[in-house]
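Here are the chains, one letter per residue:
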Amino acid sequence: MTLNRRDFLKVSGAGAAITLTGCSSQSSSKPAAKGKPHVVVVGAGFGGATCAKYIRHWGPNIDVTLIEPNDKFVSCPLSNWVLAGIKDMNFITRGYDNLPKHGIKMVKDYVTGIDTDKRVVKTKGGASISYDRLVLAPGVEILTNTVKGYDAAEAAGKVVHAWKAGPQTVQLRKQLEAMPDGGVFVMSVPTAPYRCPPGPYERACLVAQYFKLAKPKSKIILLDGNADIASKKALFTWAWNTFYPGMIDYRPNNAPFAVDGNAMTVSTEFDQVKGDVLNVVPKQRAGEVCELAGVRNDSNKAWCTVNFATFESTTVPNVHILGDSVLSNLPKSGHMATNHAKVAAAAIVELLAGRQPDPMPVVANTCYSATSDSTAGFVGDVFRLDPEKGYVKQAGGGATSQGAEINFTYAESWAENIWADMLS
Amino acid sequence: MYNKKTTLALAGFVGLALSGIAGAADMHTQVIAATCMSCHGPGGNSVGAAPGIAGISQDRFVKAMQDYKTGKRPGTVMLKLAGGYTDAEIEAMGAYFATLK
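Residues numbered from 1 in each chain as written. Chains lettered and ligands numbered in written order. Predicted model: local features only at pLDDT ≥ 70, side-chain atom pairs only at ≥ 80, totals over all residues. Heavy atoms only, no water.

(A) Structural detail: the interface of chain A and chain B. Counting residues at the interface gives 51 residues for chain A and 40 residues for chain B. Applying the counting rule to chain A against chain B returns one salt bridge. Arg384 of chain A is the salt-bridge partner of Glu89 of chain B, the closest N and O atoms lying 2.6 Å from each other. Those elements giving two or more residues to the side of chain A that touches chain B turn out to be helix H1 (5-11), helix H3 (46-58), helix H11 (334-352), strand S23 (362-370), strand S24 (376-386), strand S26 (398-399) and helix H12 (405-423) of chain A. Partitioned by chemical class, the residues of the side of chain A that touches chain B number 24 nonpolar, 17 polar and 10 charged. (Contact = heavy atoms within 4.5 Å. Salt bridge = Lys/Arg side-chain N within 4 Å of Asp/Glu carboxyl O. Helix = DSSP H or I, 4+ residues; strand = E, 2+ residues; numbered from the N terminus. Nonpolar A, V, L, I, M, F, W, Y, C, P; charged D, E, K, R; others polar.)

Structure representation (structure tokens):
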């Protein structure tokens, strides 16, 4: 004899009553009495695709619609490998073809409006989609207008951020290939918080790796808006000294405020530097769609504050936010976004069934950074939610201080597995 | 209507089912296990160089994790991660991965 949970609730009145007494959700959502509950997920990146898939896995009675404007997923992690010529765009580009097999309804469209009172999402294509719970996983909005002259220089093809993998990744690779030997690559790091804290320093390593092989007289000027290397400092210092001595001119406390695409200059408070290729990465905030839902609610109206057991907005009920848009001490990494997604998916399944979500979930960050075309380092940390203190980093974690070949192999394996976990 | 025999059977089931229905305990393990899959592949079946962990015995899983915790077993990122989990979580994850194929 087998009983599923629903049968069990029907036949064991007393037991069910006891079980449910402890299950008062802080949220307004009730179990859907009639019809299937519907979750709408906006954005099919690391966070959104993972969340959609795991909601269907843990809550097969829940309908899931995933709204994404792009045809394919292009991974930011490993896009620096493309800049160095280690991998090509095909490798970091993956299709959404398998998601419908999990019962996810894919909608290729842009979200143009969100009514959080009526719980309706409106799209550019004219659709109105109702939800019981909404998940926003839009990544970051890159604030190009915070750097004077950026928009014009970008439109003229003279500066890119390439901080969203895609056409700008291709453009930057072409510019690096076209740059003469002895040229100068100017890159900037935004002031934290920003997407992928080690990403800029990994990019410096891999562009230097490419220069070393293809145009060894070239140099990199790295203008950092932060006071110091913001992530994996020991690892990157080791890599720059070991593999690329004299190639990387690192200048902390140097946030660009202006770009001139005609003169090919970048201006900071202290410097004006001229480059052959300009890769200025402006500061960021939660993705645009968060504004539509009114969930950019931190003190700067830049990021989203959430209940960390559910990733539900602290101010707008039934709206969950995942990934880089969230304000937290968790690193803004693709890996972390998939962890947000799994905690949120489980919580949403529990809430829609009238049960209480796990109040103390445990998540982990694993993040590899390549230090050359055959070595990489990593950081690994486990975080445990303390209801009073938020996610607390557990003892024993941390970063490697040198690169190793085995970790380069595992970095590629990480990518293949996390893409498969999201999309296969 | 249920006869006495059915009631007893159900009562037994209630005891078993509560561990599963309580949500928190059960989902706590499943969510942690899901976070392992980012590196070890969907359902614990790796498509890369990292080892798959689906279907390995609970004993083997627990020993590996405990040996990573103490540093007895050589490794890479697992040496940084294993110490973040409680013994009970490691036991529960091991039991869960043993059921996967």
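There's more to say after this.
(B) How the structure looks around the packing of aromatic side chains. Residues and elements named next belong to chain A. In this structure the tally under the stated criterion is 18 aromatic pairs over all chains. Taking the centre distance of 5.2 Å and the plane angle of 80° together, the rings of Trp238 and Phe243 count as edge-to-face. An aromatic cluster is built from Tyr201, Phe236, Trp240 and Tyr250, whose rings are joined through pairwise contacts. Looking at Arg94, its charged tip hangs above the ring of Phe91, at a distance of 5.2 Å from the centre. (Phe/Tyr/Trp six-rings, centres within 6.5 Å; stacked < 30°, edge-to-face > 60°. Lys NZ or Arg CZ within 6 Å of the ring centre and 35° of its normal.)

(C) Up close: H3 of chain A. Residues and elements named next belong to chain A. Taking 1.5 Å as the rise per residue, H3 with 13 residues should run 18 Å; its terminal C-alpha atoms sit 18 Å apart, in good agreement. Burial analysis of H3 places 12 of its 13 residues in the buried class, which makes it a mostly covered element. Along H3, the positions that sit buried rather than exposed are Phe46, Gly47, Gly48, Ala49, Thr50, Cys51, Ala52, Lys53, Tyr54, Ile55, Arg56 and Trp58. (Expected span 1.5 Å × (residues − 1). Buried < 20%, exposed > 50% of the residue type's maximum accessible area, 1.4 Å probe, protein only.)

(D) Quick peek at unusual backbone geometry. All names here are of chain A. Going from Ala192 to Pro193, the amide bond is cis rather than trans, its omega being 5°. Note that Pro193 resides in the loop between strand S12 (184-189) and helix H8 (199-214). We note that Lys232 has phi near 50°; this positive angle belongs to a residue other than glycine. Position of Lys232 relative to the elements: it lies in the loop between strand S13 (219-224) and helix H9 (233-243). You can call Lys232 buried: its relative accessible area is 8%.

(E) Summary view of the sheet that holds strand S18 (residues 277-279) of chain A. Residue and element names in this part refer to chain A. Strands sit in the order S11-S18-S12-S13-S14 across an open sheet of five strands; the sheet is parallel. The outermost strands of the open sheet, each flanked by one partner alone, are strand S11 (159-160) and strand S14 (248-251). Where S11 and S18 come together, two bridges link them in parallel fashion. Bridged to Val159 within S18 is Leu278. (Pairing = 2+ DSSP bridges.)

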